[in-house]
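# Structural features, examined
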Amino acid sequence: TDPQTTKWSQAVADRLHSLGLKCVIAKDKADYDARMYEKLFWISTMMLVGTARDCATVGEADEQQTALVQQVVQELQAAVEQTDPNVQFAP
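Everything numeric in this text was worked out from a predicted model, so none of it was measured. (Residues numbered from 1 in each chain as written. Predicted model: local features only at pLDDT ≥ 70, side-chain atom pairs only at ≥ 80, totals over all residues. Heavy atoms only, no water.)

With that settled, the discussion passes to the confidence of the model for the protein. Reading predicted coordinates in detail is not appropriate for stretches of low pLDDT. For the protein, mean pLDDT is 90; residues scoring 70 or higher make up 95% of the total. By mean pLDDT, helix α1 (residues 3-6) is the weakest element of the protein at 59, and helix α5 (residues 66-83) is the strongest at 95. (pLDDT = per-residue confidence, 0-100. Helix = DSSP H or I, 4+ residues; strand = E, 2+ residues; numbered from the N terminus.)

So this is what it looks like as structure tokens:
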């Protein structure tokens, strides 16, 4: 872990928690990468499924196309796991 990027991590997390926001400090680069990919999966999947299925909102895509959303995310996870074995996604 790079000490220059973690010097204020806990202070920032504490401030966000005090505002009722969620903040998780990544343990290492692999943990950070997994969280980054998860965020990219979410936005990419919702936009793709929403557009392909003519959903008016992200909520509509999530609620009405749950199976498709899960399928796309699983495919994206498999692709990342094949190319970067250091990244581990939470079950």
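All told, the structure shown has 2 salt bridges when counted by the stated rule. Between Asp33 and Lys29 there is a salt bridge, with its nearest N and O atoms 2.8 Å apart. In this pair, Asp33 and Lys29 are both assigned in helix α3 (residues 29-52), 4 residues apart and thus about one turn of the helix distant. Residue classification places Asp33 among the buried positions, given a relative accessible area of 10%. The exposed category is assigned to Lys29, whose relative accessible area is 61%. A salt bridge links Arg35 to Asp31; the nearest nitrogen and oxygen atoms lie 3.3 Å apart. Of the two residues, Arg35 and Asp31 both sit in helix α3, 4 residues apart, roughly one turn of that helix. Judged by relative accessible area, Asp31 falls into the buried class, the value being 13%. (Salt bridge = Lys/Arg side-chain N within 4 Å of Asp/Glu carboxyl O. Buried < 20%, exposed > 50% of the residue type's maximum accessible area, 1.4 Å probe, protein only.)

Examined against the element boundaries, Thr6 turns out to sit in helix α1. The exposure class assigned to Thr6 is partly exposed, which follows from its relative accessible area of 31%. Sequence-wise, Thr6 and Lys27 are 21 residues apart; in three dimensions their C-alpha atoms are separated by 10.0 Å.

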